[in-house]
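Below are the chains, spelled out letter by letter.
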Amino acid sequence: MVADVIVETADTSTLVLFTGNDRLDYRAGHFLTIDPHQFEALDRFTSFLEYLKGRPEPPRAYSMCSAPHERYLAVTVKEERFVPKVTKYPPLLSPLLVKRTVRGMRLVVTGFTGPYTLPPDITSKTDHIVHVCAGSGSVPNVSILKYALENHPTLRHTFVYSNKTWDDVIFRDLLTELAARHPDRLKVVHTLTREDNESLFGPSVRKGRLDDKLLREMIPDPTAPIVYLCGPGISKWDREAARESGTEPQPRFIESVLTNLRAIGVPDGRIKRESYG
Ligand SMILES: Cc1cc2nc3c(=O)[nH]c(=O)nc-3n(C[C@H](O)[C@H](O)[C@H](O)COP(=O)(O)OP(=O)(O)OC[C@H]3O[C@@H](n4cnc5c(N)ncnc54)[C@H](O)[C@@H]3O)c2cc1C
């Protein structure tokens, strides 16, 4: 049952879910899935999209922003947009979850799964986790961060978070609060690509794209930390569209940060990634 809906930004909400008193057996970084067929309000739209696409609509994955030690399960969803001539179809589920979900509503979630978690022996591999995220890619990293701050006292974290504007930053207050509570263990650096308010910029809010210069500053010894990278990546639809037009798909956040991380010398084996393509 939806216990609360927290509006994070204009297009992003956190759904706090009450699941009864059973112990929730999930790991920080896991995701759950939500099947759009359960929502009567979407029935006609789902059938129409299935008719157009010629295949059933699959369940959508949503990472937990909550951590296993917390009382409630929570997911944070960013609404996708239909952009004429850019996106092929209007998004099905995220607009409903973000804009039309209210307290008391019941929904069926399935889970929990996913490889984007800390290995149990993480502290023997590193004492520094670098989180590199964009948009809703921060969701599993916030779960991992909260879990690790609580359970792995020898780990410190650098959280590099890319967004368009200051108002797009999800978990802004939470990240500030965690950094204030753990000044020796957490450093948060935002980077904003389309922010006009110059007064926001300083050491912890940078202007522009996440590039190799900023990554080199955050990762002075590239073989020491383990990087958790999450955000938009090339989707199978992007690959299909590129194949049809005889071009290469354009790199998105995941691909361009991977190139930058490799350029500064971070070994592939020390990069964990989750792509929201
Ligand atoms: C492991 C994982 C974890 C995730 N966690 C989160 C999270 O924590 N928060 C979050 O907000 N999102 C998360 N996502 C993304 C989420 O699962 C959905 O993809 C997102 O919410 C969009 O779903 P939608 O139904 O609104 O849009 P969709 O209906 O899936 O449409 C999205 C895009 O795909 C295109 N598309 C869809 N079907 C086709 C087709 N047949 N052919 C061509 N193009 C097509 C559409 O044109 C549109 O541009 C995660 C994804 C993964 C894989």
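Quick summary incoming for the structure in this document. Since we're looking at a predicted model, the values are computed, not measured. (Residues numbered from 1 in each chain as written. Predicted model: local features only at pLDDT ≥ 70, side-chain atom pairs only at ≥ 80, totals over all residues. Heavy atoms only, no water.)

What follows concerns unusual backbone geometry. Here Gly-111 and Phe-112 are connected by a cis peptide whose omega angle stands at 5°. Along the chain, the position of Phe-112 falls in strand E6 (residues 109-113). The phi dihedral of Lys-85 is positive, around 70°, even though this residue is not glycine. One non-glycine residue, Phe-171, adopts positive backbone phi at about 60°. Its location among the elements puts Phe-171 in the loop between strand E8 (156-163) and helix H5 (172-181). (Helix = DSSP H or I, 4+ residues; strand = E, 2+ residues; numbered from the N terminus.)

This part takes up the pattern of salt bridges. Taken as a whole, this structure holds 14 salt bridges when the rule is applied. Between Lys-125 and Asp-121 there is a salt bridge, with its nearest N and O atoms 3.4 Å apart. Among the ionic pairs, Arg-206 bridges to Glu-217, the shortest N-O distance being 2.8 Å. Note that Arg-206 is positioned in strand E10 (residues 205-207) and Glu-217 in helix H6 (residues 212-218), a separation of 11 residues in sequence. Through salt bridges with shared partners, one network takes in Lys-53, Glu-57 and Arg-60. (Salt bridge = Lys/Arg side-chain N within 4 Å of Asp/Glu carboxyl O.)

Next up on the list: the layout of surface pockets. Size it by volume and the second largest pocket reaches roughly 470 Å³. Forming the boundary of the second largest pocket are 24 residues, of which Glu-8, Glu-70, Lys-146, Phe-171 and Leu-174 lie nearest the centre. Within the residue set of the lining of the second largest pocket, elements represented by two or more residues are strand E1 (2-9), strand E2 (12-17), helix H4 (138-151) and H5. In terms of residue count, the dominant contributor to the lining of the second largest pocket is H5 (5 residues). Classifying every residue of the lining of the second largest pocket by side-chain character gives 11 nonpolar, 5 polar and 8 charged. (1 Å grid on protein atoms, 1.4 Å probe; cavity = no way out; pocket = protein on both sides within 12 Å on 5 of 7 lines; lining within 4 Å. Points joined across faces, edges and corners; volume = space filled by probe spheres on them. Nonpolar A, V, L, I, M, F, W, Y, C, P; charged D, E, K, R; others polar.)

Counting 22 residues, the largest nonpolar core has Ile-34, Phe-39, Tyr-62, Leu-93 and Leu-97 as the members making the most contacts within it. Looking at this core, the elements that each hand over two or more residues are E2, strand E3 (31-34), strand E5 (73-78) and helix H2 (94-99). The contact partners of Ile-34, leaving out residues within four places of it in the chain, are Phe-39, Pro-59, Arg-60, Tyr-62, Leu-93, Leu-97, Leu-107, Val-108 and Val-109. (Core = buried A, V, L, I, M, F, W, Y, C linked by side-chain atoms within 4.5 Å. Buried < 20%, exposed > 50% of the residue type's maximum accessible area, 1.4 Å probe, protein only. Contact = heavy atoms within 4.5 Å.)

Residues spaced three or four apart along an α-helix point in a common direction, a consequence of the helix completing one turn every 3.6 residues. Considered for burial, the residues of H5 that qualify are Leu-175, Leu-178 and Ala-179. The arc that holds the buried residues of H5, viewed along the axis, is 100°, so those residues lie on one side. Along H5, exposed side chains directed more than 90 degrees from the buried face belong to Asp-173, Thr-176, Ala-180 and Arg-181. Of the surrounding elements, those touching the buried residues of H5 are H4, E8 and strand E9 (186-192). (Arc of directions from axis to C-beta.)

Without other data, these values stay purely geometric and don't point to any function.
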